[in-house]
Amino acid sequence: MSKISKDQVKHVANLARLAITEKEAEKYSEQLSDIIDFSEQLNELDTSNVEPTTHVLDMKNVLRKDEPKEWISKEDALKNAPDQQDGQFKVPSILD
Amino acid sequence: MSLFDYTIKELQEKLNHKEITVTYLVKESYKQIRETDDEVQAFLTLNEEEALKQAQELDEAGVDAEQFPLFGMPIGIKDNIVTKGIRTTCASQILSNLDDPLYDATVMTKLKNAKAVNIGKLNMDEFAMGSSTENSSMKTTRNPWNTDYVPGGSSGGSAASVAAGQVPFALGSDTGGSVRQPASYCGVVGMKPTYGRVSRFGLVAFASSLDQIGPITRTVEDNARILEVIAGQDEMDSTSANVEVPKYSEALTGDVKGLKIAVPKEYFREGVDEKVKESVRAALKVLEEQGAEWEEVSLPHSKYAVATYYMIASSEASANLARFDGVRYGKRSENAKDMMDMFKLSRSEGFGEEVKRRIMLGTFALSSGYYDAYYKKAQQVRTLIKQDFEQIFEKYDVVIGPTAPTTAFKVGEKIDDPLTMYANDIITIPVNLAGVPGISVPCGFHPDNQMPIGLQIIGKHFDESTVYRVAHAYEQAAGYYKEKPQLGGAK
């Protein structure tokens, strides 16, 4: 039986860029283990010769002409930004 | 009789004969919303000023339903479809301040070109993750048939609004049943088109290989009319298919003679309510009397669909929702000291329980060392589920079963138990995994709680025409579309 430990949960939370509390880590450990256990039923099936389906329709490399087009202005792009400066998105410092 | 008991065709005739105006129609919609939305709680944002202005312009321009197939028709839009200049939140706190989106989804452009009038934005489970609309971070939508019950989800606001007669039609989106299941719970018609049929450009992505936009309406005919407007290839969505869009409304001949129906025994297994089964069997009898034939078949991999779906959908969601980072739009945490903090706190404060759970599950399934065991395995089982349908469709025209195992449940009943909530989607999920079209049509009421039951009709890839033809023939013979809920305590 797969059990997802609290440490694993914390690792995954970091990958997903989620801040979680100790209590949440415990809860996710239980809930994710339950869901993973539930999904173990897929191992009843032998899929060694089955191609995975990533897309249901048979289409490949759909391309359109690479032409420059009017889309949105810089001003519009910044309209919903939480913070901005000099026409650019502003974020808190990356390094101390 | 309410104005919205009429079909699009009938409403347009009334416009043509100057019995009504577009302004009158639009005002009627807002009047219904004001009278019933305290109870139903379907709308998140109203577009009243803009809609009335547009109505006036349409009235001045004069009716032209030939050129503009949805001329003057009021419509409600699920809040995960991007509407230029109209708040679009996905019922999430992280987008609760997105008041001025920069562009229109392709379906919105198409609706505008057809001269439909956007009444407002409808509640949903946050980022379309849920089956009851209880995962909305904004409000709890109620089922118009009995407000103790959920409307289903995730397009619960869309289905409830149409059922309550607030708008005659709405758009929803369906990733694992999110149009069909709420349509079933609310006694209206909901279509999930073939994957690739409708452009996903501007539909905020949940699971990109499964998501489709679909119409929710009172009648099959109206549903067909809306799909024929919003369908078609779009250069902004490379997964939209280059397949001609037929006039679905012309497929509604009422003729099902010789139609071959497959009825999967797996759709009648334990967990499916006995009365739901009885209603579906009665519906099959109605179709049989009209000359269709049905046989029991097996879709042997159906029972693996829920586990397959939650792996694939959560994995895709974890990637899609990475874009909500507090940098370019949406909410940024005020408590962040550095950039990493800003990502983590903005996301933790902005996303609700279910969304975080699925991001966690998906990130786990895609993480190094687990990818093959979980994500790839699920994609392989997806192939088997798809092949089940391909084999059945070699011999049969449509697959029929219930839409959901039960009728609507009560608000609060299942919210604390993710796996029970997920099991609710067991009959709708295989359709998304296979990418085929499916519709839910009302087929009766449960004798114990008087809540609506839905019949699901599933077709071949890009054969929405047959699905609509069968749904329409059944609907007209059965007549449940004439029933409507009594709001305002007059049950």
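Conventions and cut-offs
- Residues numbered from 1 in each chain as written.
- Chains lettered and ligands numbered in written order.
- Predicted model: local features only at pLDDT ≥ 70, side-chain atom pairs only at ≥ 80, totals over all residues.
- Heavy atoms only, no water.
- UniProt positions renumbered as here; feature names shortened; annotations may be inferred.
- Pairing = 2+ DSSP bridges.
- Helix = DSSP H or I, 4+ residues; strand = E, 2+ residues; numbered from the N terminus.
- Axes fitted to C-alpha atoms, helices over the stretch in contact; angles between N-to-C directions.
- Core = buried A, V, L, I, M, F, W, Y, C linked by side-chain atoms within 4.5 Å.
- Buried < 20%, exposed > 50% of the residue type's maximum accessible area, 1.4 Å probe, protein only.
- Salt bridge = Lys/Arg side-chain N within 4 Å of Asp/Glu carboxyl O.
- Parallel < 35°, antiparallel > 145°, perpendicular 65-115°, else oblique.
- Contact = heavy atoms within 4.5 Å.
- Nonpolar A, V, L, I, M, F, W, Y, C, P; charged D, E, K, R; others polar.
- Patch = residues over 30% accessible without salt bridge, like charges linked within 9 Å, V, L, I, M, F, W, Y side chains within 5 Å.
- Areas by Shrake-Rupley, 256 points an atom, 1.4 Å probe, with all protein chains shown as cover.
- Polar contact = N/O pair within 3.5 Å; in protein donor to acceptor, adjacent residues only side chain to side chain.
- Phe/Tyr/Trp six-rings, centres within 6.5 Å; stacked < 30°, edge-to-face > 60°.
- Lys NZ or Arg CZ within 6 Å of the ring centre and 35° of its normal.
- Buried area = accessible area lost by both parts, 1.4 Å probe.
- 1 Å grid on protein atoms, 1.4 Å probe; cavity = no way out; pocket = protein on both sides within 12 Å on 5 of 7 lines; lining within 4 Å.
- Points joined across faces, edges and corners; volume = space filled by probe spheres on them.
- Expected span 1.5 Å × (residues − 1).
- Arc of directions from axis to C-beta.

By the naming in an unreviewed UniProt entry, chain B goes by Glutamyl-tRNA(Gln) amidotransferase subunit A and is assigned to Piscibacillus halophilus. Quoted straight from UniProt, the Function (unreviewed entry) entry for chain B says "Allows the formation of correctly charged Gln-tRNA(Gln) through the transamidation of misacylated Glu-tRNA(Gln) in organisms which lack glutaminyl-tRNA synthetase. The reaction takes place in the presence of glutamine and ATP through an activated gamma-phospho-Glu-tRNA(Gln)." UniProt, in the comment section headed Sequence similarities (unreviewed entry), describes chain B in these words: "Belongs to the amidase family. GatA subfamily."

The name given to chain A in an unreviewed UniProt entry is Aspartyl/glutamyl-tRNA(Asn/Gln) amidotransferase subunit C, with Piscibacillus halophilus as the source organism. If you open the UniProt record of chain A and go to Subunit (unreviewed entry), you find "Heterotrimer of A, B and C subunits." The UniProt entry for chain A carries the following comment under Sequence similarities (unreviewed entry): "Belongs to the GatC family."

For the rest of this paragraph, the subject is the sheet that holds strand β6 (residues 212–217) of chain B. Residue and element names in this part refer to chain B. Within the open sheet, the eleven strands sit side by side as β1-β3-β2-β4-β6-β5-β10-β11-β9-β7-β8. Their pairing is mixed. Edge positions in the sheet fall to β1 (43–46) and β8 (293–297), since each of these pairs with one other strand and no more. Ignoring which end each strand starts from, the neighbouring axes of this sheet average 30° apart. Here strand β7 (residues 260–264) pairs with β8 via five bridges, running parallel. Directly across from P264, in β8, lies its bridge partner V297.

Formed by 167 residues in total, the largest nonpolar core has its most connected members in B:F127, B:L171 and B:I457. At nine residues, the largest contribution of residues to this core is made by helix α9 (residues 305–320) of chain B.

A few words now on the UniProt feature "domain: Amidase" (unreviewed entry) in chain B. The UniProt feature table records "domain: Amidase" (unreviewed entry) at residues 25–467 of chain B. As annotated, residues 25–467 of chain B comprises 37% helix and 14% strand, and the C-alpha atoms at either end are separated by 30 Å.

Our focus in this paragraph is the pattern of salt bridges. Scanning the model with the defined rule gives 23 salt bridges over all chains in all. Among the ionic pairs, B:K247 bridges to B:E228, the shortest N-O distance being 3.8 Å. One end of the pair, B:K247, is in the loop between α7 (220–230) and β7; the other, B:E228, is in helix α7, with 19 residues separating them in the sequence. Sharing partners across several salt bridges, the network here consists of A:K6, A:K10, A:E22 and A:E26.

Axis separation between helix α1 (residues 6–15) of chain A and helix α11 (residues 353–366) of chain B bottoms out at 9 Å; the angle between their running directions is 95°. Taken together, α1(A) and α11(B) sit at an angle that is classed as roughly perpendicular. Contacts between α1(A) and α11(B) involve A:Q8, A:V9, A:V12, A:A13 and A:L15 from the former and B:M360, B:T363 and B:F364 from the latter. Of the residues in the contact of α1(A) with α11(B), the class split is six nonpolar, two polar and no charged.

Checked against the element boundaries, B:S465 lands in helix α15 (residues 464–478). Ignoring any residue separated from it by four or fewer positions in sequence, one finds B:S465 in contact with B:P246, B:Y248 and B:A251.

A word on a nonpolar patch on the surface. Together, A:W71, A:I72 and B:M236 make up a nonpolar patch on the protein surface, roughly 290 Å² of accessible area in all. Among the structural elements, B:M236 can be located in the loop between α7 and β7. Judged by relative accessible area, which is 37%, B:M236 ranks as partly exposed.

To continue, consider the environment of B:S333. Residue and element names in this part refer to chain B. Here S333 lies in the loop between α9 and α10 (339–350). At a separation of 3.1 Å, a polar atom in the side chain of S333 contacts the main-chain amide nitrogen of N335. Within polar-contact distance, the side chain of S333 engages the side chain of E349 at 3.0 Å.

Residues and elements named next belong to chain B. This structure, assessed with the given rule, holds 17 aromatic pairs over all chains. Seen from their ring centres, F389 and F393 are 6.3 Å apart, and the 25° between their planes marks the pair as stacked. With a gap of four residues between them, F389 and F393 both fall in helix α12 (residues 371–395), about one helical turn apart. Judged by relative accessible area, F393 falls into the buried class, the value being 11%. Here the aromatic residues F127, F324, Y329 and F351 are joined through ring pairs into a cluster of three or more. For the cation-ring pair, K115 lies above F68, with the distance from its terminal atom to the ring centre recorded as 5.0 Å.

Let's shift gears to the interface of chain B and chain A. At the interface, 68 residues of chain B touch 56 residues of chain A. In total, about 5,600 Å² of surface goes out of reach between chain B and chain A, with carbon and sulfur atoms giving 67% of it. Looking only at chain B, the three residues that lose the most surface to chain A are B:L102, B:Y304 and B:M360, adding up to 13% of its buried area. For the pair chain B and chain A, the interface holds three salt bridges.

Let us look at the layout of surface pockets. Residues and elements named next belong to chain B. For the largest pocket, the calculated volume is near 720 Å³. Taken together, the residues of the lining of the largest pocket sort by class into 17 nonpolar, three polar and four charged. Of the pockets and cavities examined, the second largest pocket occupies roughly 460 Å³. Of all the secondary structure elements, the ones that give two or more residues to the lining of the second largest pocket are α1 (8–16) and α7. By residue number, the principal contributor to the lining of the second largest pocket is α1, which donates four residues.

All right, on to helix α3 (residues 48–61) of chain B then. Residues and elements named next belong to chain B. For α3, built from 14 residues, the straight-helix expectation of 20 Å at 1.5 Å per residue is met to within 8% by its first-to-last C-alpha distance of 20 Å. Taken residue by residue, α3 has A51, Q54, A55 and L58 as its buried positions. Down the axis of α3, the buried set is contained in an arc of 105°. They therefore lie on one face. The outward face of α3, more than 90 degrees from its buried face, is lined by the exposed residues E49 and E60.

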